Amino acid sequence: YDTARSLGLKMYPLITNKTGATDAILGDPAIRTKTIDNIVKIVQEKNYDGINIDFELLPPKHRDNLTAFMAEFYPKMKAANKTVIISVFPKVDVTEDVSGAYDYPALAQNADFLQIMLYDKHWATSEPGAIAPVDWYEKNLKYAVDNSGGVHKIIAGVSAYGYDWKKGGEGETVTYANAVVKAEQKGAKILYDAAAQAPHNSYDDHEVWFENKESVAAKLDI
């Protein structure tokens, strides 16, 4: 915190939902208000510049509750002159059970920024594939801009990790360095998928997809 402040960086702590608490915090108006007031109090006491609400994997039944949470939260934060960011799942080629709770137009009215999680097209328990294929990334970014009031409302999330899938098992999260070193150790050639704009390789019974400077540059160009 002190180092970031000394560098003049703004501080936006991320608040996420804990399993078992979501229904009460979003569904019970009294608990919702108490939670909101506690967050605002912490932001003021710690002199943070704002907050990032990151309530993930909400069931679609909480769509209106999440919107109500933000509609109550945002005015209180603005009264304190604080910035509000909300992280949301992408919408295009994403199942309703994952994305259904996030009403972009309504949330955009009660947040300074929507941070779009433009990654995990393929994830630990899916089949192997690019973390954020560039066409999928672009479609979701365009959808977000079109449904949130414009580019000034959007923060585009860019992945900087990968997964190493063992055949018949779950993928293990890897960094760029992990992936490259493992490929060297195993004598596996790193290939580049031009359609997805993503590097990948295989060794033994493993398949690895990750990000490198070319794949990130492709996203930044968009």
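For the structure itself, consult the block above.
Values in this document were obtained by computation on a predicted structure and should not be read as measured data.

Caption draft 1: Quick peek at the packing of helix 3 (residues 29–46) against helix 4 (residues 63–79). The contact between helix 3 and helix 4 brings their axes to 10 Å, and the two run at 35°. Of the two possible hands of crossing, helix 3 and helix 4 adopt the one that is right-handed. Contacts between helix 3 and helix 4 pair Arg 32, Thr 33, Thr 35, Ile 36, Asp 37, Ile 39, Val 40 and Val 43 from the former with Asn 65, Ala 68, Phe 69, Glu 72, Phe 73, Lys 76 and Met 77 from the latter. Across the contact of helix 3 with helix 4, the residue classes break down as eight nonpolar, three polar and four charged.

Caption draft 2: Region of the structure containing the side chain of Asn 52. With respect to the helices and strands, Asn 52 occurs in strand 2 (residues 50–54). Overall, Asn 52 belongs to the buried group, its relative accessible area being 10%. Of the polar contacts made by the side chain of Asn 52, one reaches the side chain of Ser 87; its length is 3.1 Å.

Caption draft 3: Representation of the layout of surface pockets within the structure. If you add up the space inside the largest pocket, you get close to 440 Å³. Taken together, 17 residues form the lining of the largest pocket, with Phe 89, Val 94, Val 98, Asp 120 and Trp 123 sitting closest to its centre. Broken down by class, the residue content of the lining of the largest pocket amounts to nine nonpolar, three polar and five charged.

Caption draft 4: A look at the sheet that holds strand 9 (residues 198–203). Reading across from one edge, 7-6-10-9-8 is the order of the five strands in this open sheet, with antiparallel pairing throughout. Two strands lie at the open edges of the sheet, namely strand 7 (171–174) and strand 8 (191–193), each paired on one side alone. Ignoring strand direction, the axes of neighbouring strands in this sheet form an average angle of 25°. Examined bridge by bridge, strand 9 and strand 10 (residues 206–209) share four bridges and lie antiparallel to one another.

Caption draft 5: Just the nonpolar core, in detail. Counting 37 residues, the largest nonpolar core has Ile 53, Phe 69, Met 70, Phe 73, Ile 86, Tyr 102 and Leu 114 as the members making the most contacts within it. Listed by contribution, the elements that provide at least two residues to this core are helix 3, strand 2, helix 4, strand 3 (83–88), helix 6 (104–108), strand 4 (113–116) and helix 7 (134–148). Here this core takes six residues from helix 4, the largest share from any one element. Residues contacting Tyr 102, with those up to four places away along its chain left out, are Phe 55, Glu 56, Leu 57, Leu 58, Arg 63, Leu 66, Ser 87, Val 88, Phe 89, Lys 91 and Leu 107. Ala 124, Ile 131, Tyr 161 and Trp 165 belong to the second-largest nonpolar core, a separate cluster that totals nine residues.

Caption draft 6: Seen up close, the sheet that holds strand 1 (residues 14–16). With respect to topology, five strands assemble into an open sheet ordered 1-2-3-4-5, the strand pairing being parallel. The strands lining the two open edges of the sheet, one partner per strand, are strand 1 and strand 5 (154–156). Ignoring strand direction, the axes of neighbouring strands in this sheet form an average angle of 25°. Sheet topology places strand 3 next to strand 4; four bridges connect them, and they run parallel. Directly across from Ile 86, in strand 4, lies its bridge partner Leu 114. Its contacts with the sheet put helix 4 on strand 2 and strand 3, and the angle it makes with strand 3 is roughly 160°. Strands in contact with helix 7 are strand 4 and strand 5; relative to strand 5, the strand with the most contacts, it is inclined by about 165°.

Definitions and limits used
Residues numbered from 1 in each chain as written. Predicted model: local features only at pLDDT ≥ 70, side-chain atom pairs only at ≥ 80, totals over all residues. Heavy atoms only, no water. Axes fitted to C-alpha atoms, helices over the stretch in contact; angles between N-to-C directions. Helix = DSSP H or I, 4+ residues; strand = E, 2+ residues; numbered from the N terminus. Left-handed = near helix turned anticlockwise from the far one by under 90°. Contact = heavy atoms within 4.5 Å. Nonpolar A, V, L, I, M, F, W, Y, C, P; charged D, E, K, R; others polar. Buried < 20%, exposed > 50% of the residue type's maximum accessible area, 1.4 Å probe, protein only. Polar contact = N/O pair within 3.5 Å; in protein donor to acceptor, adjacent residues only side chain to side chain. 1 Å grid on protein atoms, 1.4 Å probe; cavity = no way out; pocket = protein on both sides within 12 Å on 5 of 7 lines; lining within 4 Å. Points joined across faces, edges and corners; volume = space filled by probe spheres on them. Pairing = 2+ DSSP bridges. Core = buried A, V, L, I, M, F, W, Y, C linked by side-chain atoms within 4.5 Å.

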